[in-house]
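Chain and residue survey
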Amino acid sequence: MTEQDPLVGEPVEAQVRTLFEGMNAHDADAAVSVLTDDVVWQQPGLPGPLVGRAATADTLREMFRAFPDLSIPLDDVVVYHAPDGTRAASHWRVTGTMTGPLDPPGFAPTGRRSEVHGMCLYEFRGGRIARHTMIYDSLDMLTQLGLMPGPDSLQTKAMVRFQRLTAKLRRRRRRR
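One structure accompanies this document, and this report is about it. (Residues numbered from 1 in each chain as written. Predicted model: local features only at pLDDT ≥ 70, side-chain atom pairs only at ≥ 80, totals over all residues. Heavy atoms only, no water.)

A tally of regular secondary structure across the chain gives 5 helices and 6 strands. Along the chain, from the amino end to the carboxyl end, the secondary structure elements read α-α-β-β-α-β-β-β-β-α-α. In terms of its C-alpha atoms, the chain occupies a principal-axis envelope of roughly 65 × 40 × 30 Å. Counting the 176 residues in the chain, one finds 39% classified as buried. In the chain, once contacts between residues fewer than 6 apart in sequence are set aside, the share between residues at least 24 apart is 60%. Counting every atom, the chain has about 10100 Å² of accessible surface; 54% of that belongs to carbon and sulfur. (Helix = DSSP H or I, 4+ residues; strand = E, 2+ residues; numbered from the N terminus. Buried < 20%, exposed > 50% of the residue type's maximum accessible area, 1.4 Å probe, protein only. Contact = heavy atoms within 4.5 Å. Areas by Shrake-Rupley, 256 points an atom, 1.4 Å probe, with all protein chains shown as cover.)

Here you go:
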């Protein structure tokens, strides 16, 4: 396969499934084997995009430490691909219990479990994933893990009151 050859149909699904199988096995090297050396990996919670297989593998290892029971049921993974074979998307569900530190950003373990639905967007080059963009509701995940207060919590109500007060003070300052 040359740099310009598109992946279509089953090869696209095979690349995506290999990525998820590696993640289910908590084998970062197997997961990143389908990525280009200069892959751009984006996901919520990271300070910015990761560049390269090594950086991506290191981040996956951190995730496996934080969630040693991380699981992505392969029966729930649905892959959609563009007819030209250069792009694809997948829908998935992941579950896990946070029993280790989550770094980045450095959260301590909470022992709480989360279930998140999300999707990934992929761009292919030379038969491998060259760009990976993960999309999910990170606020919902953080709330499930006890890292953010829930919508009806006292902390949220206090934050809302504080925000309203600061907004009111800003409006008064602008009027002067």
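The discussion continues.
For the rest of this paragraph, the subject is helix α1 (residues 10-24). Between its first and last C-alpha, α1 extends 20 Å over 15 residues, near the 21 Å set by a 1.5 Å rise per residue. Those residues of α1 not exposed but buried are Val 12, Gln 15, Val 16, Leu 19, Phe 20, Gly 22 and Met 23. The arc that holds the buried residues of α1, viewed along the axis, is 160°, so those residues lie on one side. Looking at the residues trailing α1, positive phi occurs at His 26, about 55°. (Expected span 1.5 Å × (residues − 1). Arc of directions from axis to C-beta.)

Evaluation of the coordinates by the stated rule reveals 2 aromatic pairs. Where Trp 92 meets Tyr 136, the ring centres are 6.3 Å apart and the plane angle is 65°; that geometry is what we call edge-to-face. Taken together, the positions of Trp 92 in strand β4 (residues 87-97) and Tyr 136 in strand β6 (residues 128-136) put the pair 44 residues apart, joining distant regions of the chain. Under the relative-accessibility criterion, Tyr 136 is labelled buried at 16%. Both rings, one in Tyr 122 and one in Phe 124, keep their centres 6.4 Å apart while their planes meet at 35°; by these two values the pair is tilted. A single burial state applies to Tyr 122 and to Phe 124, both of which are buried. (Phe/Tyr/Trp six-rings, centres within 6.5 Å; stacked < 30°, edge-to-face > 60°.)

Checked against the element boundaries, Thr 59 lands in helix α3 (residues 53-66). Every residue in contact with Thr 59, bar those within four places of it in the chain, is listed here: Leu 46 and Leu 50.

This paragraph deals with unusual backbone geometry. Backbone geometry at His 26 places phi at a positive 55°, although glycine is not the residue there. Among the structural elements, His 26 can be located in the loop between α1 and α2 (28-32). His 26 sits in the partly exposed class, given a relative accessible area of 25%.

On the surface, Lys 168, Arg 170, Arg 171, Arg 172, Arg 173, Arg 174, Arg 175 and Arg 176 cluster together to form a positively charged patch. We classify Arg 172 as partly exposed; its relative accessible area is 40%. (Patch = residues over 30% accessible without salt bridge, like charges linked within 9 Å, V, L, I, M, F, W, Y side chains within 5 Å. Salt bridge = Lys/Arg side-chain N within 4 Å of Asp/Glu carboxyl O. Lys, Arg positive; Asp, Glu negative; His and termini not counted. Charge placed at Lys NZ, Arg CZ, Asp CG, Glu CD.)

Counting 40 residues, the largest nonpolar core has Met 23, Leu 60, Trp 92 and Tyr 122 as its most contacted members. The set of elements that each furnish at least two residues to this core consists of α1, α2, β1 (35-42), α3, β4, β5 (113-125), β6 and α4 (138-144). Beyond its immediate chain neighbours, meaning those up to four positions away, Trp 92 contacts Phe 20, Ile 72, Asp 76, Val 77, Val 116, His 117, Gly 118, Met 119, Cys 120, Met 134, Ile 135 and Tyr 136. (Core = buried A, V, L, I, M, F, W, Y, C linked by side-chain atoms within 4.5 Å.)

For a regular strand, side-chain orientation follows a simple rule: the groups alternate between the two sheet faces. By the alternation rule, side chains of β5 split into Ser 114, Val 116, Gly 118, Cys 120, Tyr 122 and Phe 124, which are all buried, and Arg 113, Glu 115, His 117, Met 119, Leu 121, Glu 123 and Arg 125, of which none is buried. Sheet topology note: the β4/β5 ladder contains 11 bridges and is antiparallel. Along β5, the bridge assignment pairs Ser 90 with Cys 120. Taken together, the 8 bridges between β5 and β6 define a ladder with antiparallel strand orientation. Along β6, the bridge assignment pairs Leu 121 with Thr 133. In textbook terms, the turn of a hairpin is the stretch between consecutive antiparallel strands, and for β5 and β6 this stretch comprises 2 residues, one of which, Gly 126, has a positive phi near 60°. (Pairing = 2+ DSSP bridges.)

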